[in-house]
Amino acid sequence: MERVQCVASVSKEARTIPVDFIRSVDEQPSITTFHGPVPDVPVIDMANTNRDQIIDEIVKASQEWGIFQVVNHGIPPEAIQQLQRVGKEFFGLPQEEKEKVAMVPGQLEGYGTKITNKQEGSKNWVDFLFNNIWPPLQINHDFWPKNPPEYRNANEEYAKHMIPLVDQLLEYLSLGLGLDGNVLKTASGGDDLRYLLKINYYPPCPCADMALGVPAHTDMSAITLLVPNEVQGLQVFKDDHWINAKYIPNAMIIHIGDQIEILSNGKYKSVLHRTTVKKDETRMSWPVFCEPPADTVIGPLPQFVSDKNPAKFKAKKFKDYQYCKLNKIPQ
Ligand SMILES: O=C(O)CCC(=O)C(=O)O
Ligand SMILES: [Fe+2]
C-alpha cells in the first residue's frame, strides 16, 4: 500500500503530484473556497457562568451550523500537547516502524491510507491512524503504536479528560431540545459510548490548490471532538459556501454527527465538512468520534415524531448504518 507520506516526498522533488490526486473542478479548493465576508464558526465559552446562555449558543450552533468551537472546556492544555506530541512523533518514524500497526482488512483500527477505486474519484492527500481509546473493553493494544513509548499514556490521559466534556456537551444538547439531561447520552449507548481516535496526517502538497485531504462528508458518529495543529485546513459548508474554520489555540472543534441528527429527527444537523492541504506545511488533526455500540438501535426519538412531523430517518443498528455509509449504500 503506497502511503501519501511517501508520495509526498517524491512529489516535493518533482514539484507535481500524481494525477489521481487532482480533484475535478467542482471540488478543487482554489475554485470552490468562498473568500467574501462570512460569519465564523461559532465559538462558545464553556466557563460562562450563565449556563442557559451556553445551552442557547450550543443549540443555535447545532441547528444552524452543526459545528462549533469550545474554549475553557476543561481539558488541560498539557494533555492536548502530549496527545499531539506523540502523534507527531509516530508519523515521524521510519516507514517500516509505522507499518507495524498497519490496518488489516476487516479491521477498523491501525495505520492506513484510504484505498480509492476509480469510480469513487480522486485520492485523498492524507494518511491516518485509528485507535479505540474508550471504554477500556474496546481497547486493542495490538493496534496502539509501541513507539513512541509515551503513546499509550498520552492517549489514556486524553481519553480520561474528554469524558466529562463529552457528557456535558450531550447534556446541554439534550436540555436544549427540552429533554431530560441524560436522554441523548443514554440513547447513544450511555457509558458504553465508544471513543474512536483518528490521527490525520496531511503532508505538504505541491499542488495544494487542486487536491483535498478529506473530501466532503458528514461524520457518522454521534458527536466528534477534534483538535487540529496550527495549520488551517478545515472547511465547513454553510449557505452554499465552503468556508474556512479559524484555528484557535487550545480550542476543541465539536462536530454534530449523523447519529445526533437522527435522534433529534433533524433538529440538530450533522455538518458537511472537508479539509484542504498546504504547499509547505504539514497539517495534522486528532478527531475523536464518539459512537454508539455496534448493536445500539438509533432512530428519531419518539418525542420528535408525530403525524405532523414524521420520522425523517430510519431506525437501525449503528453497525448497519456504518456498513451502508462505508460502502456508499443508501441508508
Ligand atoms: O482534519 C480535520 O480537521 C477534519 C478531518 C475529518 O473531517 C475526519 O477525519 O473526519
Ligand atoms: Fe470528519
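Residues numbered from 1 in each chain as written. Chains lettered and ligands numbered in written order. Predicted model: local features only at pLDDT ≥ 70, side-chain atom pairs only at ≥ 80, totals over all residues.

You'll find the protein chain entered in an unreviewed UniProt entry as anthocyanidin synthase, with Rhynchospora breviuscula given as the organism. In its Pathway (unreviewed entry) section, UniProt records this for the protein chain: "Pigment biosynthesis; anthocyanin biosynthesis." Recorded in UniProt for the protein chain, the comment headed Cofactor (unreviewed entry) runs: "L-ascorbate". (UniProt positions renumbered as here; feature names shortened; annotations may be inferred.)

With that settled, the discussion passes to the packing of helix α3 (residues 51-64) against helix α6 (residues 151-176). The interhelical angle for the contact between α3 and α6, taken along N-to-C directions, is 80°, at an axis separation of 9 Å. In terms of orientation, α3 lies roughly perpendicular with respect to α6. Of α6, the residues touching α3 (which contributes I54, I55, I58, V59 and S62) are Y172, L173, L175 and G176. Taken together, the residues that form the contact of α3 with α6 break down as 7 nonpolar, 2 polar and no charged. (Axes fitted to C-alpha atoms, helices over the stretch in contact; angles between N-to-C directions. Helix = DSSP H or I, 4+ residues; strand = E, 2+ residues; numbered from the N terminus. Parallel < 35°, antiparallel > 145°, perpendicular 65-115°, else oblique. Contact = placed C-beta atoms within 7 Å. Nonpolar A, V, L, I, M, F, W, Y, C, P; charged D, E, K, R; others polar.)

This paragraph deals with the pairing of strand β2 (residues 67-71). Among the 5 residues that make up β2, 4 are buried, leaving the element largely enclosed by the rest of the structure. Two elements, strand β1 (residues 43-45) and β2, share 3 bridges in a ladder whose sense is parallel. Residue pairing for β2: V43 is matched across the bridge by Q69. At this point the chain moves from β1, through α3, to the parallel β2, and the crossover so formed is right-handed. Pairing of β2 with strand β9 (residues 252-256), which is carried by 4 bridges, proceeds in the antiparallel orientation. Among the inter-strand pairings, Q69 is bridged to a residue of β9, identified as I253. (Buried ≥ 20, exposed ≤ 12 C-beta atoms within 10 Å, placed from the backbone. Pairing = 2+ DSSP bridges. Right-handed = clockwise from strand over helix to strand, strands pointing away.)

Let us look at the sheet that holds strand β3 (residues 110-112). Across the sheet, which stays open at both edges, the 8 strands sit in the order β1-β2-β9-β6-β11-β5-β4-β3 with mixed pairing between neighbours. Pairing within the sheet leaves two strands with one partner each, and these edge strands are β1 and β3. Across the sheet, the axes of successive neighbouring strands diverge by a mean angle of 25°, strand direction being ignored. Summarising the sheet, strand β6 (residues 223-228) and β9 pair through 4 bridges and their orientation is antiparallel. Note on β9: the bridge partner recorded for I223 is I256. Of the strands in this sheet, β4 (127-134), β5 (194-202), β6 and β11 (283-291) are in contact with helix α4 (residues 77-91), which crosses β11 at around 115°.

Moving on to the site of ligand 1. Contacts to ligand 1 come from K198, N200, V214, D219, L226, P228, L234, H273, T275, S285 and P287. Residue composition of the shell around ligand 1, grouped by class: 5 nonpolar, 4 polar and 2 charged. (Near = placed C-beta within 6 Å.)

As a further point, take the packing of α4 against α6. Where α4 meets α6, the axes come as close as 9 Å, and the angle between the chain directions of the two elements is 145°. For the pair α4 and α6, the sense of crossing is left-handed. Of the residues in α6, those in contact with A79, Q82, L83, V86 and F90 of α4 are Y151, A154, N155, E157, Y158 and H161. For the contact of α4 with α6, a count of residues per class yields 7 nonpolar, 3 polar and 1 charged. (Left-handed = near helix turned anticlockwise from the far one by under 90°.)

Right, let's talk about the pairing of strand β8 (residues 241-244) for a bit. Relative to β8, strand β7 (residues 234-238) runs antiparallel, the two sharing 4 bridges. Pairing of K238 across the sheet is with H241, part of β8. Linkage of β7 to β8, two consecutive antiparallel strands, is achieved through a turn of 2 residues, within which D239 is found at a positive phi near 50°.

Read across the sheet, 3 strands follow the order β8-β7-β10 without closing on themselves; strand pairing throughout is antiparallel. With partners counted over all chains shown, the strands left at the sheet margins are β8 and β10 (273-275), one partner each. The average undirected angle you get between the axes of adjacent strands in this sheet is 30°. Of the pairings in the sheet, the one linking β7 to β10 comprises 3 bridges and is antiparallel in character. Bridge pairing in β10 links Q235 to R274.

When the UniProt feature table is mapped to this numbering, "domain: Fe2OG dioxygenase" (unreviewed entry) covers residues 192-292. The span residues 192-292 is 6% helix and 41% strand, and its two end C-alpha atoms sit 7 Å from each other.

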